[in-house]
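# Residue-level structural notes
For reference, the chains in residue letters:
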Amino acid sequence: MIRLIEENLVRQNKAMLLMLLLLEEEFSRLTQLKPQSVSQVELSIQELMRQIVAERSSLRRMVIALEPSAKRVRDLFPGLEREQADSLRELLGRLDAAEQKCGVQAAKNQQMAMALFDQSKGLLNFMHNQIKPKSTTAYGRSGRFAKGINDARLLSGRL
């Protein structure tokens, strides 16, 4: 059973390294302004995350089957031989480091995506403001120029 847990952790480590590569690829495509290819990479990331969740659920079931009172792999260390515990500790350390790197890269990607969104939104607002009429009385309800009231009449002395 310990061998199965080690194999699961190895698969999770490889998946996290792949996740890091995909996140870096997504960032490079964001900087190249290729939205279609970003969405393709994003779909791959989502599928990989689904697979990682399945691996974690499987690992949790194995840990509980080995030791019903254990909730995490670290809870198994006291009952294991030293080499097995060291091997699991090393795998967990590598997994944690990979997760931290993925978290940092995901935060960078999110900031870049939000910056591009804000830039696009600002540009669209600017273009909309350039197109719409400056005066609100320029057009009537029928879509034709409205005949405005001549303000000079008030100054002509009529009451």
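Use the structure listed above.
Residues numbered from 1 in each chain as written. Predicted model: local features only at pLDDT ≥ 70, side-chain atom pairs only at ≥ 80, totals over all residues. Heavy atoms only, no water.

### With respect to a nonpolar patch on the surface
Nonpolar side chains collect at one region of the surface, where L123, L124, F126 and M127 lie side by side and expose about 430 Å² of accessible area between them. With respect to the helices and strands, L123 occurs in helix α3 (residues 82–131). (Patch = residues over 30% accessible without salt bridge, like charges linked within 9 Å, V, L, I, M, F, W, Y side chains within 5 Å. Areas by Shrake-Rupley, 256 points an atom, 1.4 Å probe, with all protein chains shown as cover. Salt bridge = Lys/Arg side-chain N within 4 Å of Asp/Glu carboxyl O. Helix = DSSP H or I, 4+ residues; strand = E, 2+ residues; numbered from the N terminus.)

### Digging into the pattern of salt bridges
Per the counting criterion, the structure on display carries seven salt bridges. Its salt-bridge partner being E55, residue R11 comes within 3.1 Å of it at the nearest N-O pair. Here R11 is found in helix α1 (residues 2–31), whereas its partner E55 is found in helix α2 (residues 35–66), with 44 residues between them in sequence. Among the residues examined, R11 registers a relative accessible area of 39% and is labelled partly exposed. Given a relative accessible area of 22%, E55 falls into the partly exposed group. Among the salt bridges present, the one from E47 reaches R50, with a minimum N-O distance of 2.6 Å. Of this pair, E47 and R50 both sit in helix α2, three residues apart, which is roughly one turn of the helix. (Buried < 20%, exposed > 50% of the residue type's maximum accessible area, 1.4 Å probe, protein only.)

### Here we look at the nonpolar core
Counting residues in each nonpolar core, the largest one holds 28 residues, and the members touching the most others are I5, L9 and V73. At the level of secondary structure, the elements contributing two or more residues to this core comprise α1, α2 and α3. Here this core takes nine residues from α1, the largest share from any one element. (Core = buried A, V, L, I, M, F, W, Y, C linked by side-chain atoms within 4.5 Å.)

### Section: the side chain of N8
Considering the arrangement of structural elements, one finds N8 in helix α1. A polar side-chain atom of N8 sits 2.6 Å from a polar atom in the side chain of Q12. In this structure the side chain of N8 is engaged in a polar contact, spanning 3.0 Å, whose partner is the side chain of E55. In this structure N8 touches E55, S58, L59 and M62, once residues within four positions along its chain are discounted. (Polar contact = N/O pair within 3.5 Å; in protein donor to acceptor, adjacent residues only side chain to side chain. Contact = heavy atoms within 4.5 Å.)

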